[in-house]
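Coordinates in review
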Amino acid sequence: MSILDKESIFTSMLQDGPFSVRDIPPFVHPFSDEAKEWIKSFQGDQLMKTKYRAVRSQIFDFLGVAVFDDILSLIYTQSLRDSAAHRARILLGNMFGIDQSGQDIRRYLRDYARTADDVVNSLRAKVLAPYSSHIETTNEIETTHDPVDLLLIFFDEHFHKKARFEAKRKLVLMNLAGSIDQRERETDIEKKFSDFITFLNIHVWSPSLQIGDLKIDYLHSRHCEDDFSCEEVQVVSEEQALQMTPVVGEKLTLVKRRTFSNKGREIPIYVTIRKKHPSDKVLKLLRKNEKNPATSVDDELGLMAVLNSVADVKCFVRHLTRSAVKADSFMTLEDISDTLTGGEYTGTATGSSAKTPMLKFFARLGGMRVEFIIHTNRSYLNYIYQRDVAHDEYEVKRIFDTGVAEFLFPRDIYRLNMGEIRRKQIQRFRRRIEEW
């Protein structure tokens, strides 16, 4: 089910449905032609009627009003607005399990608003960078953090259609951010992340090196003209790399490597450890058309490793399980997918490529469940450079192909052709990959 379908759990955000933001708020003039047209839009659709009643009840309960006319009083009377905002903060604090004072709840809500802004700004910074000015959030919306103020903007005819849409969008994203924060507090993810780093430093990486002591190497690679896949790769030192001038079809890729010990041999390994930012988790919920992070965000803790060979990969996995035992924890490997030695990756994520070779699994240890993605040098270079495989391309595809781009920036408001932008952005990323 797509996030853009009428069965989407985010129906109230869609611009082609009865909850669309129009030029004039329909509830300000309940007997206007716009309001009548809005009512007609879901006559005969029982599901939409049920959703409408649910949304209406949520609005009334949240604002503490009985009818839509009461919303006008909140818009124009500051004392009533302040009272509604105080009441709403208490309700939201209890809903998200924030056992704090009113001032602390306000701080949490500001964090949720900041995450909502980060969702848009992260897309402006990369996937939709050339269109940053097109999708920039209206100043008044970006500087508004209180949920009641945002909801009242949606009903205020003094605000332009774009601003009212962005107020509604920010509320939806703040709600997802609140759910994610609640999940992180319940699962104590910050402590688990710290424990995971400690486990690696004490039990996995070579004790002969100081924490953070990384050796700079480069991967010098040659790539196929047809699809820019890696044909040949060798590790060169920083000094050797400085003497090289890559030609067309070649790449020099920096890797800062640690080591781990195996039977008296120090094996080099490039590692990047990932803890998803809240805005990344919000985007993942949108891509999956979900509101529950407990069922949809299963890769909060992750590690990607790159080793010289498949043999070294096998040594590292065995070293991991032994290291866990040394840390007094059994380690089990779950959901294993291994395509480093042949076969195709069968990932279900929209936009992912079946040509992506990797070893992927979840490791359960010490009360944590950590996603591991392990590459050889060659598969890692394909992961960042190969056509239809490169991660930068995947980021573009999954934002557009899941409908998230159109969902966040509907055409009738932002005047953007997302299909054409998708094509141009993939071309732009390909040029950057192959020409640099």
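Quick caveat: nothing in here was measured; it's all calculated off a predicted structure.

Reading the values: rules and limits
- Residues numbered from 1 in each chain as written.
- Predicted model: local features only at pLDDT ≥ 70, side-chain atom pairs only at ≥ 80, totals over all residues.
- Heavy atoms only, no water.
- Helix = DSSP H or I, 4+ residues; strand = E, 2+ residues; numbered from the N terminus.
- Buried < 20%, exposed > 50% of the residue type's maximum accessible area, 1.4 Å probe, protein only.
- Contact = heavy atoms within 4.5 Å.
- Areas by Shrake-Rupley, 256 points an atom, 1.4 Å probe, with all protein chains shown as cover.
- Pairing = 2+ DSSP bridges.
- Axes fitted to C-alpha atoms, helices over the stretch in contact; angles between N-to-C directions.
- Salt bridge = Lys/Arg side-chain N within 4 Å of Asp/Glu carboxyl O.
- Core = buried A, V, L, I, M, F, W, Y, C linked by side-chain atoms within 4.5 Å.
- Parallel < 35°, antiparallel > 145°, perpendicular 65-115°, else oblique.
- Nonpolar A, V, L, I, M, F, W, Y, C, P; charged D, E, K, R; others polar.
- Phe/Tyr/Trp six-rings, centres within 6.5 Å; stacked < 30°, edge-to-face > 60°.

**Here we look at the overall build of the chain**
- A tally of regular secondary structure across the chain gives 19 helices and 8 strands.
- For the chain, the spread of C-alpha atoms along the principal axes amounts to about 80 × 50 × 40 Å.
- Across the 436 residues in the chain, those meeting the buried criterion constitute 49%.
- Within the chain, counting contacts between residues at least 6 apart in sequence, those at least 24 apart form 70% of the total.
- In the structure as shown, the chain presents an accessible area of about 21,300 Å², 50% of it carried by carbon and sulfur atoms.

**So, the pairing of strand E2 (residues 230-237)**
- Relative to E2, strand E1 (residues 215-223) runs antiparallel, the two being bridged by 7 bridges. Bridge pairing in E2 places Arg-222 opposite Glu-232.
- The hairpin formed by E1 and E2 contains 6 residues between the paired strands, and Phe-228 there has a positive phi angle of roughly 60 degrees.

**Description of the sheet that holds strand E5 (residues 301-307)**
- Here 8 strands make up an open sheet; going across it, the order is E2-E1-E3-E4-E5-E8-E7-E6 and the pairing mixed. The open sheet has two free edges, formed respectively by E2 and strand E6 (332-338), since each of these has just one partner strand. Strand-to-strand, the axes of this sheet are offset by a mean angle of 35 degrees, without reference to chain direction.

**A closer look at the pattern of salt bridges**
- Summed over the entire model, instances satisfying the criterion amount to 28 salt bridges.
- A salt bridge links Asp-146 to Arg-89; the nearest nitrogen and oxygen atoms lie 3.0 Å apart. Placement of Asp-146 in the loop between helix H7 (139-142) and helix H8 (147-155) and of Arg-89 in helix H4 (residues 78-95) is noted, with a sequence separation of 57 residues between them. An identical accessibility class is assigned to Asp-146 and Arg-89; each is buried.
- Bridged by salt links that share partners, the residues Lys-126, Asp-392, Glu-395 and Arg-432 form one connected network.

**A short note on the nonpolar core**
- Leu-63, Ile-71, Leu-128, Leu-286, Leu-408 and Phe-409 are the most contacted members of the largest nonpolar core, which has 72 residues in total.
- Residue contacts for Leu-286: discarding those within four places in its chain leaves Ile-3, Phe-10, Leu-173, Leu-176, Val-404, Phe-407 and Leu-408.
- Formed by 30 residues, the second largest nonpolar core is a distinct cluster that contains Phe-196, Phe-316, Leu-320 and Met-331.

**So, the packing of helix H16 (residues 391-401) against helix H19 (residues 418-435)**
- At a minimum axis separation of 9 Å, H16 and H19 run at an interaxial angle of 175 degrees. Put simply, H16 runs roughly antiparallel to H19. On H19, the residues that touch Asp-392, Glu-393, Val-396, Lys-397, Phe-400 and Asp-401 of H16 are Met-418, Ile-421, Arg-422, Gln-425, Ile-426, Phe-429, Arg-430, Arg-432 and Ile-433.
- Among the residues making up the contact of H16 with H19, the classes are represented as 7 nonpolar, 1 polar and 7 charged.

**Looking at the environment of Glu-231**
- Structurally, Glu-231 can be placed in strand E2.
- Judged by its relative accessible area of 49%, Glu-231 is partly exposed.
- Residues Glu-231 and Ser-221, 10 residues apart in the sequence, show an inter-C-alpha distance of 7.4 Å.
- Beyond its immediate stretch of four places on either side in the chain, Glu-231 contacts Arg-222, His-223, Cys-224 and Arg-378.

**Section: the environment of Tyr-131**
- Within the secondary structure layout, Tyr-131 lies in the loop between helix H5 (102-125) and helix H6 (132-135).
- Overall, the relative accessible area of 13% leaves Tyr-131 in the buried class.
- C-alpha separation for the pair Tyr-131 and Val-204, spaced 73 residues apart in sequence, amounts to 44 Å.

**Some remarks on the packing of aromatic side chains**
- All told, the structure shown has 14 aromatic pairs when counted by the stated rule.
- Each ring, one from Trp-205 and one from Phe-316, has its centre 6.3 Å from the other, and the planes form 5 degrees; the classification is stacked. Taken together, the positions of Trp-205 in the loop between helix H10 (189-204) and E1 and Phe-316 in helix H14 (residues 310-326) put the pair 111 residues apart, joining distant regions of the chain. Judged on exposure class, the residue Trp-205 and its partner Phe-316 are both buried.
- Measuring from centroid to centroid gives 6.4 Å for Tyr-380 and Tyr-383, while their planes differ by 25 degrees, and the two rings are stacked. With Tyr-380 and Tyr-383 both in helix H15 (residues 377-385) and 3 residues apart, this pair spans about one turn of that helix.

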